[in-house]
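Structure assessment
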Amino acid sequence: MTMTDTKPRSHSGSGSTAPITPDHSRHAFAGISDSNQLNPIFARAGEATDFPLDQLPDGESLPETAYQIVHDEAMLDGNARLNLATFVGTWMDPFASKLYAESADKNMIDKDEYPQTAAIETRCWKMIASLWNAPSAEGAIGTSTIGSSEACMLGGLALKRRWQVARRAAGKSTEKPNLILSSAVQVCWEKFCNYWDVEARYVPISDEHKVLDGHDLDKYVDENTIGVVAIMGVTYTGMYEPVKEIAAALDKIQAETGLDVKIHVDGASGGMIAPFLQPDLEWDFRVDRVVSISTSAHKYGLVYPGLGWVVWRTVDDLPKDLVFDVTYLGGHMPTFALNFSRPGAQVLLQYYLFLRLGWDGYRKVQQASQDVAVYLSSEIGKMDAFELWNDGTDIPVFAWQLKKGHTDKWNLYHLSERLRLKGWLIPAYPMPDDISDLVVQRIVVRNGLSRNLAESLLLDIQEATEFLDALESPMPIEGQVSSFTH
């Protein structure tokens, strides 16, 4: 994930796309020349000191020189520890970094060359299957992915193929599949529906129904519904969608119509939080309608990007014609992926963390993040200017809005900009369709945001709010950019 400002998912409906053009962040350093100059202190005799920005240089340079140029330019990026916009992990311990460097050359797809990495991948998803209460880890099937977006794509493809197989067996049309989603769903699901010709049916969220909770679900389900996506940790706010309530609504629909609609749980964040912090919450394979679950290992799985996991309840829940069989060392390894060559290092990092932390270690790390999130939300909720949307007791993420009537001089975009002056990246953005006039700010608490840093952040928020409240005239609103980060 980059710190480039991006807009929230929007529903165009037409499927039209604008031409793709370079999207330089308004906060990135671009300069005014077309070259990159080397500091003379690093120059070597006979070596170029100017390098073109957008063209391949004519000649070679020493590795020290190339390193220094890249190092100095990357230095202009923000401090990852202060980036509270992204869910993506920004820190691992020195042993993990050492292991990363040692295994950066491993290609996950080459199971003949790296059979032990393939075996470790299998161990990992079996551990995760058990963590998610699969009836049998041996009877389940799973895979690693580049991230949770690929994992979601695979989960969606399996839902679509299962529906197609059933429809063809019944002699019915397979032309108009649809998938039911919250309007606050992550953009990867809109991509899935667009790329694989599935109608996206968005259930709007509101003040009364802040997440997809099964309310009015019967208005969206029909014979062409391939499944329902339930989110454990909505990107906009961090709230859990109640999987068990959604399943109960689908049970009622089946009793009335005979339609048996399954659930994919998008556990990008909550999939690695709920098992440790809310172990009694039934959201996983304990709910019979859940056939697949995905997660981002590079979020609360605590691994460097990019790595995701997806697991199906049983081998039969993943259509066999989607699985390719790869032979290595006289054995067979099923593979189901959109990517071919991809790094294996992150898989080893996940295994390292499973060994390093165990269940209790993960619980302690996640609990520490949640404690900081709840502390921050409670203190921000006490400030006169703000009203909490949620409090961070699901995943360690929460959002707040400007209290109605508090001011006509500034908005949350202005607060976001003031905090950026101190190095904090805290996005402000509009909520999804139907409540898009509501702007919120969101904080993602990850491993590494200590209580001391949180206290410093609160002081900066208080100082920025007092500055804005003291304004005698309104702040300008021209050119404000939504800084929504998935």
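Here's a quick rundown of the structure. (Residues numbered from 1 in each chain as written. Predicted model: local features only at pLDDT ≥ 70, side-chain atom pairs only at ≥ 80, totals over all residues. Heavy atoms only, no water.)

Let us look at the packing of aromatic side chains. By the definition in use, this model includes 12 aromatic pairs. Linked through ring pairs, W189, F192, Y195 and W196 together constitute an aromatic cluster. Above the ring of Y375, the side-chain terminus of R451 is found at 3.6 Å from the ring centroid. (Phe/Tyr/Trp six-rings, centres within 6.5 Å; stacked < 30°, edge-to-face > 60°. Lys NZ or Arg CZ within 6 Å of the ring centre and 35° of its normal.)

Take the nonpolar core next. Among the nonpolar cores identified, the biggest contains 63 residues, and L217, V243, L250 and I263 are the most heavily contacted of them. Where this core is concerned, the elements lending two or more residues are helix 3 (115–131), strand 6 (225–231), helix 6 (243–257), strand 7 (263–266), helix 7 (274–277), strand 8 (290–296), strand 9 (308–312) and helix 8 (345–382). With 10 residues, helix 8 is the largest single contributor of residues to this core. Apart from residues lying up to four places away in sequence, L250 is in contact with L217, V221, V228, V261, I263 and R289. Residues A151, C188, W189 and L322 belong to the second largest nonpolar core, which totals 40 residues. (Core = buried A, V, L, I, M, F, W, Y, C linked by side-chain atoms within 4.5 Å. Buried < 20%, exposed > 50% of the residue type's maximum accessible area, 1.4 Å probe, protein only. Helix = DSSP H or I, 4+ residues; strand = E, 2+ residues; numbered from the N terminus. Contact = heavy atoms within 4.5 Å.)

Burial analysis of strand 8 places 7 of its 7 residues in the buried class, which makes it a mostly covered element. By the bridge criterion, 4 bridges tie strand 7 to strand 8 in an arrangement that is parallel. Opposite D266, over in strand 8, you have S294 as the bridge partner. Bridge count for strand 8 against strand 9 is 5 bridges, and the pairing is antiparallel. (Pairing = 2+ DSSP bridges.)

This part covers the pattern of salt bridges. A pair can form between side chains of opposite charge whenever their charged atoms are brought close. Here the structure, examined in full by the defined rule, presents 22 salt bridges. The salt bridge involving E138 is made with K126; its shortest N-O contact spans 3.0 Å. One end of the pair, E138, is in the loop between helix 3 and strand 3 (141–145); the other, K126, is in helix 3, and 12 residues separate them in sequence. When its relative accessible area of 60% is taken as the criterion, E138 is described as exposed. One salt bridge in this structure joins E199 and R201, with 3.1 Å as the shortest N-O distance. (Salt bridge = Lys/Arg side-chain N within 4 Å of Asp/Glu carboxyl O.)

With that out of the way, let us pick up the environment of D434. Counting through the fold element by element, D434 comes out in the loop between strand 14 (428–430) and strand 15 (439–444). With sequence-adjacent residues up to four places away left out, D434 is seen in contact with P204 and I205.

What the 4 strands build is an open sheet, ordered 12-13-15-14; its pairing is antiparallel. Each edge of the open sheet is held by one strand with a lone partner, namely strand 12 (386–388) and strand 14. Recorded for the sheet is a direction-independent mean angle of 40 degrees between the axes of neighbouring strands. Note that strand 14 and strand 15 share 3 bridges and pair antiparallel. Counted as the bridge partner of P430 is V439 from strand 15. Contacts from helix 8 reach strand 12, strand 13 (397–402) and strand 15, with the element oriented near 10 degrees to strand 13. Its contacts with the sheet put helix 9 (residues 412–420) on strand 12, strand 13, strand 14 and strand 15, and the angle it makes with strand 15 is roughly 35 degrees. (Axes fitted to C-alpha atoms, helices over the stretch in contact; angles between N-to-C directions.)

For the rest of this paragraph, the subject is the sheet that holds strand 9. With mixed pairing, the 7 strands of this open sheet are ordered in space as 3-9-8-7-6-4-5. If you trace the sheet from one side to the other, it starts and ends with strand 3 and strand 5 (199–203), each paired once. Adjacent strand axes in the sheet meet at a mean angle of 20 degrees, parallel and antiparallel pairs treated alike. Bridging between strand 6 and strand 7 involves 4 bridges; their strand directions are parallel. When the sheet's bridge partners are listed, A230 is paired in strand 7 with V265. Along the sheet, helix 6 contacts strand 6, strand 7 and strand 8; its crossing angle with strand 7, the most-contacted strand, is approximately 165 degrees.

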